[in-house]
Amino acid sequence: MRTTALVSLVAALGVAACATQHRERVSLPAEKNALWRSECGACHQAFPPMMLTVGNWQAMMRELEQHFGEDASLDEASRQEIAAYLQRNGAPDSYGRHSASSLRITDTAYFQRRHKGSSVPLWRRTGENKPSNCPACHKASDEQLW
Ligand code: HEC
Ligand code: HEC
């Protein structure tokens, strides 16, 4: 009887620990791309492709000279390689909740719903005002990236 209780307690703790880790972890695609990592990770962490639709990524890749107030332009070959990578790994256009006309991940319905409630006190606690600073709260599945 005592052993059974102990076993269930350990099991419950194990589940709790997994749930916490899962929540903090952001998945990056299994397919790696060195150019995406270096070019799109130069000014900020390289954002998880699944967080935006393919259509949003394509629009962003067409206007890199005016990228959120910065010039993030690339030579044509690099631009095409990264655009193709994002096309393969972005969310399908039918996932409307992963799309935002501002092309910001943080403006998508999916991001906003997942970060409702718990996010506001968390942002205050970390002293980080930018929701786009994912590593303030998350670990990436690929540690080298973040
Ligand atoms: C020259 C610096 C620079 C480079 C290079 C760069 N970015 Fe950005 N990016 C920015 C800035 C600045 C912002 C706005 C950050 C903010 O306001 O939080 C931004 C924002 C973003 C956002 C929106 C984040 C949000 O608020 O949800 C995405 C997505 C993004 N960049 C993707 C990319 C991709 C893809 C590439 C590679 C093609 C790239 N960036 C290269 C500077 C850069
Ligand atoms: C201030 C802290 C904070 C920042 C910054 C933040 N997140 Fe989160 N994120 C959370 C918390 C907390 C949750 C869990 C919310 C819940 O489960 O109620 C979460 C949940 C998620 C989920 C859902 C995970 C799942 O397993 O269901 C994804 C995906 C995600 N965040 C991606 C991102 C990305 C990408 C960025 C950057 C653009 C980001 N987050 C920025 C705190 C943050």
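To keep things clear, this report deals only with the structure shown in the data block. What you see is a predicted model, and the numbers here were worked out from it, not measured in a lab.

How each quantity is defined
- Counting starts from 1 at the beginning of each chain's written sequence and moves along it residue by residue.
- Both sets of labels track the order of writing: A upward for chains, 1 upward for ligands.
- Local features in this predicted model are restricted to residues whose pLDDT is 70 or higher, and side-chain atom pairs enter the listing and the counts only when it is 80 or higher, whereas totals over whole chains, interfaces and linings include all residues.
- The basis for the side-chain values is all heavy atoms of the structure; hydrogens and waters are excluded.
- Counted as coordinating are nitrogen, oxygen and sulfur atoms within 2.8 Å of the metal, or 3.2 Å for Na, K and Ca, while water is not included, which may make sites look incomplete.
- Metal sites are grouped by the angles between bound donors: all angles between 85 and 135 degrees with four donors is tetrahedral, opposite donors over 155 degrees apart with the others between 65 and 115 is square planar for four donors and octahedral for six, and any other pattern is irregular.
- Working definition: helices are DSSP H or I runs of at least four residues, strands are E runs of at least two. Numbering for both runs from the N terminus.
- Each residue is placed in one exposure class: buried if its accessible area under a 1.4 Å probe, protein chains only, is under 20% of its type's maximum, exposed if it is over 50%, and partly exposed if it falls in between.
- Proximity criterion: a residue is near a molecule or strand once any of its heavy atoms comes within 4 Å of it.
- Any pair of N or O atoms that falls within 3.5 Å is considered a polar contact. Within protein, one atom must be able to donate a hydrogen and the other to accept it, and sequence-neighbouring residues count only if both atoms are side-chain atoms.
- A cavity here means a set of 1 Å grid points, computed over protein atoms only, where a 1.4 Å probe fits but cannot escape. A pocket is an open set with protein on both sides within 12 Å along at least 5 of 7 lines, and lining residues have an atom within 4 Å of a point.
- More than half of a molecule's atoms within 2 Å of the grid points is what it takes for that molecule to sit in a cavity or pocket.
- As a working rule, the residues Ala, Val, Leu, Ile, Met, Phe, Trp, Tyr, Cys and Pro are called nonpolar, Asp, Glu, Lys and Arg charged, and the rest polar, with Gly in that last group.
- When two rings of Phe, Tyr or Trp (its six-membered ring) have centres within 6.5 Å they constitute a pair, described as stacked for plane angles under 30 degrees, edge-to-face for angles over 60, and tilted for the intermediate range.

1. Topic: the coordination of the iron atom of ligand 1
Surrounding the iron atom of ligand 1 are the protein donor atoms His44 (NE2) and His67 (NE2), which sit 2.0 Å from the metal. For the iron atom of ligand 1, the six donor atoms in the first shell make angles of 86 to 179° at the metal, a pattern classed as octahedral. Within this pair, whereas His44 is found in the loop between helix H2 (34-39) and helix H3 (54-62), its partner His67 is found in the loop between H3 and helix H4 (76-89), the two being separated by 23 residues in sequence. Judged by relative accessible area, which is 31%, His44 ranks as partly exposed. For His67, a relative accessible area of 15% gives the class buried.

2. Notes on the site of ligand 1
Cys40, Cys43, His44, His67 and Arg104 are the nearest of the 19 residues found near ligand 1. In this structure, a nitrogen atom belonging to ligand 1 sits 2.8 Å away from a side-chain N or O atom of His44. At 2.7 Å, a side-chain N or O of Ser132 approaches an oxygen atom of ligand 1. Structurally, ligand 1 is housed in the second largest pocket. When residues of the shell around ligand 1 are assigned to their parent elements, the largest contribution, three residues, is made by H3. Here the residues of the shell around ligand 1 sort into ten nonpolar, four polar and five charged.

3. Focus: the coordination of the iron atom of ligand 2
The protein atoms that coordinate the iron atom of ligand 2 are His115 (NE2) and His138 (NE2), at distances spanning 1.9 Å. Here the iron atom of ligand 2 binds six donor atoms, and the angle range of 87 to 179° at the metal identifies the geometry as octahedral. You can see His115 sitting in the loop between helix H5 (109-114) and helix H6 (119-126) and its partner His138 sitting in the loop between H6 and strand E2 (139-140), a full 23 residues away along the chain.

4. Looking at the packing of aromatic side chains
Taken as a whole and judged by the stated rule, the model has one aromatic pair. A ring pair is formed by Trp36 and Tyr85, whose centres lie 5.2 Å apart and whose planes are at 40°; its orientation type is tilted. Highlighted residues: Trp36 in helix H2 and Tyr85 in helix H4, separated in sequence by 49 residues. Of the residues examined, Trp36 reaches a relative accessible area of 5% and is grouped as buried. A relative accessible area of 0% means that Tyr85 is categorised as buried.

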